[in-house]
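Take a look at the letters that make up each chain.
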Amino acid sequence: MILRVTEVGYSDYREWHESFLTQSAGLDLNRCSMKEVYDKYGLEATTRDFIGHSMALYQTDEYINQKGAAKETVQRTRLYVNSMARYGKSPYIYPLYGLGELPQGFARLSAIYGGTYMLNTNIDEIEMEGGKVSGIKATMRERSEDSDGMKFSTKTKKILGDPSYFPGKVQVVGHLLKAICILTHPVANTDNSDSAQLIIPQSQVGRKNGRPCFEQSV
């Protein structure tokens, strides 16, 4: 029997892929854990590490036993594979003029959907009502100005910001350690690539979190 598919939309493919796993393997991705998926196909530990950390980009192994997390893991893995097929040797893309292009791209996209950027603006107060955020008071002034600037306030139901904007309302739940290493040679076993991402799963270093490493030649 020969099956010929002429055209499949992304949403159709997603539904077909998930129904294929459900029907062929008897797995309900909305309810089962990723451990059940791994066990169903008899995947060894190193393969599970590769899928979970290198493809789905989880930092810990907590996702494995979470009920209903299988669907998200499959979606993450599919995104990785689709990106590989679309952009060539790597699923990642790097801005031509550096990382500064990322906030610029976000700003342009935000403007399309009605977002407004206000530079040189200080947040004076975050207003609260009933224990929930209700708005902000701020002052806008040019850097060269010595005046009081323009004060204004606005109402909102949600604020995204750095923890420094919310003193007394946040607590430290973890730390992120970063290091920059300057080498005189490419990283071993990377085929002398100009750039590479190395991910060391937590289970292989005896730590709570994995170790992602990014290599970039200059």
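Rules used in this analysis
Residues numbered from 1 in each chain as written. Predicted model: local features only at pLDDT ≥ 70, side-chain atom pairs only at ≥ 80, totals over all residues. Heavy atoms only, no water. Helix = DSSP H or I, 4+ residues; strand = E, 2+ residues; numbered from the N terminus. Expected span 1.5 Å × (residues − 1). 1 Å grid on protein atoms, 1.4 Å probe; cavity = no way out; pocket = protein on both sides within 12 Å on 5 of 7 lines; lining within 4 Å. Points joined across faces, edges and corners; volume = space filled by probe spheres on them. Nonpolar A, V, L, I, M, F, W, Y, C, P; charged D, E, K, R; others polar. Buried < 20%, exposed > 50% of the residue type's maximum accessible area, 1.4 Å probe, protein only. Pairing = 2+ DSSP bridges. Phe/Tyr/Trp six-rings, centres within 6.5 Å; stacked < 30°, edge-to-face > 60°. pLDDT = per-residue confidence, 0-100. Contact = heavy atoms within 4.5 Å. Axes fitted to C-alpha atoms, helices over the stretch in contact; angles between N-to-C directions. Parallel < 35°, antiparallel > 145°, perpendicular 65-115°, else oblique.

Draft legend 1. Expanded view of helix α5 (residues 101-112). The end-to-end C-alpha distance of α5, which contains 12 residues, comes to 17 Å, matching closely the 16 Å that a straight helix rising 1.5 Å per residue would cover. Gly114 lies just past α5 and shows a positive phi near 95 degrees.

Draft legend 2. Structural context of the layout of surface pockets. The volume enclosed by the largest pocket comes to roughly 1,200 Å³. Lining of the largest pocket is provided by 25 residues; of these, Ala179, Ile180, Pro212, Cys213 and Phe214 occupy positions nearest its centre. Among the elements that make up the lining of the largest pocket, the one with the highest residue count is strand β5 (residues 211-216) (six residues). When the residues that make up the lining of the largest pocket are grouped by side-chain class, the tally is 14 nonpolar, seven polar and four charged. Of the voids in this model, the second largest pocket is the one considered here, and its volume is about 890 Å³. As for the second largest pocket, its lining consists of 26 residues, and the residues nearest its centre are Ser90, Tyr92, Ser195, Ala196 and Gln197. A total of five residues in the lining of the second largest pocket trace back to one element, the largest contributor, which is strand β4 (residues 195-200). Of the residues in the lining of the second largest pocket, the class split is 15 nonpolar, eight polar and three charged.

Draft legend 3. Examining the pairing of strand β3 (residues 150-155) more closely. Counting buried positions over the six residues of β3 gives zero, only a small fraction of the element. Sheet analysis places strand β2 (residues 132-140) next to β3, joined by six bridges and oriented antiparallel. By the bridge assignment, Thr139 is partnered in β3 with Lys151.

Draft legend 4. Quick peek at the environment of Glu142. Of note, Glu142 is situated in the loop between β2 and β3. In sequence terms Glu142 and Asn120 are 22 residues apart; their C-alpha atoms lie 6.2 Å from each other.

Draft legend 5. How the structure looks around unusual backbone geometry. Positive phi is not limited to glycine here, since Leu57 has a value of about 60 degrees. When you line up the elements, Leu57 lands in the loop between α3 (45-55) and α4 (70-87). The phi dihedral of Asn120 is positive, around 55 degrees, even though this residue is not glycine. Examined against the element boundaries, Asn120 turns out to sit in the loop between α5 and β1 (121-129).

Draft legend 6. Region of the structure containing the packing of aromatic side chains. Inspection of the entire model under this criterion finds two aromatic pairs. Seen in terms of ring centroids, Tyr58 and Tyr63 are 4.2 Å apart; in terms of plane orientation they differ by 5 degrees. Their pairing is stacked. Its relative accessible area of 13% is what places Tyr58 among the buried residues. A relative accessible area of 3% places Tyr63 in the buried class. Both rings, one in Tyr80 and one in Tyr92, keep their centres 6.5 Å apart while their planes meet at 80 degrees; by these two values the pair is edge-to-face. Placement of the pair is Tyr80 in helix α4 and Tyr92 in the loop between α4 and α5, with a sequence separation of 12 residues. What makes Tyr80 buried here is its relative accessible area of 17%. Overall, Tyr92 belongs to the partly exposed group, its relative accessible area being 36%.

Draft legend 7. Representation of the side chain of Thr73. Position of Thr73 relative to the elements: it lies in helix α4. Classification of Thr73 as buried rests on a relative accessible area of 0%.

Draft legend 8. Structural view of α4. Compared with an ideal rise of 1.5 Å per residue, which puts 18 residues at 26 Å, α4 spans 26 Å between its outermost C-alpha atoms and is within 8% of the ideal. Among the residues making up α4, those that are buried are Ala70, Thr73, Val74, Thr77, Arg78, Tyr80 and Ser83.

Draft legend 9. Spatial organisation of the confidence of the model for the protein. For the protein, the mean per-residue pLDDT works out to 82, and 88% of the residues sit at or above 70. Of all the helices and strands in the protein, helix α1 (residues 10-25) carries the lowest mean pLDDT, 56, while helix α2 (residues 34-40) carries the highest, 92. Every residue in residues 1-10 is under pLDDT 50, and counting partners more than four places away or in other chains gives two contacts.

Draft legend 10. Geometry of the packing of α3 against α4. As a packed pair, α3 and α4 sit with axes 9 Å apart at the nearest point and diverge in direction by 75 degrees. As the angle between them shows, α3 and α4 are arranged roughly perpendicular. Residues Ile51, Ser54 and Met55 of α3 form the contact with α4, whose participating residues are Arg76, Thr77, Tyr80 and Val81. The class makeup of the residues in the contact of α3 with α4 is four nonpolar, two polar and one charged.

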